[in-house]
Amino acid sequence: MSESTAPAAPSGRTLRVCALYPDLMNIYADRGNLIVLERRCAWRGIGFELSASSLGERLDSEGYDLFYIGGGQDRDQRLCAEDLLASKAEALRTAAARDAVILGVCGGYQLLGRSYTLGSERIEGVGLLDLETIREDGPRLIGNVAIEPAGLPGAPAGAVLAGFENHGGRTHLDSGQAPLGRVLRGLGNDGRGRFEGAVAGATIGTYLHGPLLPKNVWFADWLIARALGLDAQALPPLEDEIERQTHAAALRAAGV
Ligand code: GLN
């Protein structure tokens, strides 16, 4: 008899999520991203534990499968950046090295890079992504976006991420740093409409709010599977009619 190659059933597993600075880095209802992760786990019988680590709190590098940091105003980002370096950067680097998922959205994305420069002020980032962000002259980059992601192994063929961007910072990737995707519509990392976000292993940054995951549940599933060490196909499908309509509406808003 041949050995079964069926993927391990995910029920009985627990996804342990840590939200970094959920009180400060949460503009554009980024909390919706966490709710989507929680719901999609619950509907499949996967346990879900949400913890938070904010200013002054230490971070356990081993305690979580997925770390999340959302968007924030420059003022809040400053506070968080200092704290991130002082009390969490080392743990995040250790977590990244063991392939835990780290997702940064907008301000959180900027802080996963090397630095965010505003005029003469340079805010140091964690340096998990090889990029820097500069608040240059010029309008904020605002609008609906759609991107064709790359560098997400096992993502559904033809999958697109849709969302909304609003950032003053322009993000410049080092030549060796992979973007999260090619821009189909929108302004992207640096306003030139070419590339959006960045990915290095399971560390991912993007400017897409929306929030991101309610508009792109395929990506929520990809993150859950990756964080639990499962194939993306190992997650049982859900009844996603409303989610499909939401995704389609986000794509339409971006003009795709
Ligand atoms: N403060 C950052 C910027 O304007 C990030 C904004 C955000 O998270 N939406 O570039």
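See the structure shown above.
Residues numbered from 1 in each chain as written. Predicted model: local features only at pLDDT ≥ 70, side-chain atom pairs only at ≥ 80, totals over all residues. Heavy atoms only, no water.

### Re the site of the ligand
Link 1 in the chain: Residues in close proximity to the ligand total 17 residues, the closest being Asp74, Gln77, Cys106, Gln110 and Gly169.
Link 2 in the chain: Here glycine 72 contributes a backbone N or O atom positioned 3.0 Å from an oxygen atom of the ligand.
Link 3 in the chain: Within the side chain of tyrosine 116, one N or O atom sits 3.3 Å away from an oxygen atom of the ligand.
Link 4 in the chain: Surface burial for the ligand is 97%, taken as the share of its 300 Å² of free accessible area covered by protein chains.
Link 5 in the chain: Among the elements of the structure, helix 2 (74-87), helix 4 (107-112) and strand 9 (161-167) are those that each provide at least two residues to the shell around the ligand.
Link 6 in the chain: Class assignment for the residues of the shell around the ligand results in three nonpolar, eleven polar and three charged. (Near = heavy atom within 4 Å. Polar contact = N/O pair within 3.5 Å; in protein donor to acceptor, adjacent residues only side chain to side chain. Areas by Shrake-Rupley, 256 points an atom, 1.4 Å probe, with all protein chains shown as cover. Helix = DSSP H or I, 4+ residues; strand = E, 2+ residues; numbered from the N terminus. Nonpolar A, V, L, I, M, F, W, Y, C, P; charged D, E, K, R; others polar.)

### Things to note about the side chain of aspartate 76
Link 1 in the chain: Residue placement: aspartate 76 occurs in helix 2.
Link 2 in the chain: Not counting the four nearest positions on each side in its chain, aspartate 76 is found in contact with Leu24 and Met25. (Contact = heavy atoms within 4.5 Å.)

### A few points about the nonpolar core
As a rule of thumb, nonpolar side chains are buried together in soluble globular proteins.
Link 1 in the chain: In this structure, Phe67, Leu92, Ile204, Phe219 and Leu223 are the most contacted members of the largest nonpolar core, which totals 70 residues.
Link 2 in the chain: Element by element, the count of residues in this core is highest for helix 6 (residues 217-228), at ten residues.
Link 3 in the chain: Within the second largest apolar cluster, six residues are counted, among which are Ala146, Ala250, Leu251 and Ala254. (Core = buried A, V, L, I, M, F, W, Y, C linked by side-chain atoms within 4.5 Å. Buried < 20%, exposed > 50% of the residue type's maximum accessible area, 1.4 Å probe, protein only.)

### As for the pattern of salt bridges
Pairing between side chains becomes possible if they bear opposite charge and their charged atoms approach one another.
Link 1 in the chain: Inspection of every chain in the model, using the stated rule, returns 18 salt bridges.
Link 2 in the chain: Note that arginine 78 and glutamate 121 form a salt bridge whose closest N and O atoms lie 2.7 Å from each other. Of this pair, arginine 78 sits in helix 2 while glutamate 121 is found in strand 6 (residues 121-124), placing the two residues 43 residues apart along the sequence.
Link 3 in the chain: Given the relative accessible area of 29%, glutamate 121 is considered partly exposed.
Link 4 in the chain: Arginine 114 is paired through a salt bridge with glutamate 132; the nearest N and O atoms lie 3.6 Å apart. Here the residue arginine 114 occupies a position in the loop between helix 4 and strand 5 (115-118), and glutamate 132 occupies one in strand 7 (residues 131-135), the gap between them amounting to 18 residues.
Link 5 in the chain: Sharing partners across several salt bridges, the network here consists of Arg40, Arg44, Asp221 and Asp240. (Salt bridge = Lys/Arg side-chain N within 4 Å of Asp/Glu carboxyl O.)

### Examining the sheet that holds strand 10 (residues 170-173)
Link 1 in the chain: Taken in spatial order, the four strands line up as 6-5-7-10 in an open sheet, and their pairing is mixed. Pairing within the sheet leaves two strands with one partner each, and these edge strands are strand 6 and strand 10. The sheet shows a mean angle of 20 degrees between the axes of neighbouring strands, taken without regard to direction.
Link 2 in the chain: For strand 7 and strand 10, the ladder comprises four bridges, and the chain directions are antiparallel. (Pairing = 2+ DSSP bridges. Axes fitted to C-alpha atoms, helices over the stretch in contact; angles between N-to-C directions.)

### Observations regarding the pairing of strand 4 (residues 101-105)
Link 1 in the chain: Across the five residues of strand 4, five count as buried, placing the element largely inside the fold.
Link 2 in the chain: The side-chain alternation of strand 4 yields two buried faces, one formed by Val101, Leu103 and Val105 and the other by Ile102 and Gly104.
Link 3 in the chain: In the sheet, strand 4 pairs with strand 14 (residues 203-206) via four bridges, with the strands oriented parallel. Residue pairing in the sheet places glycine 104 in a bridge with glycine 205 of strand 14.

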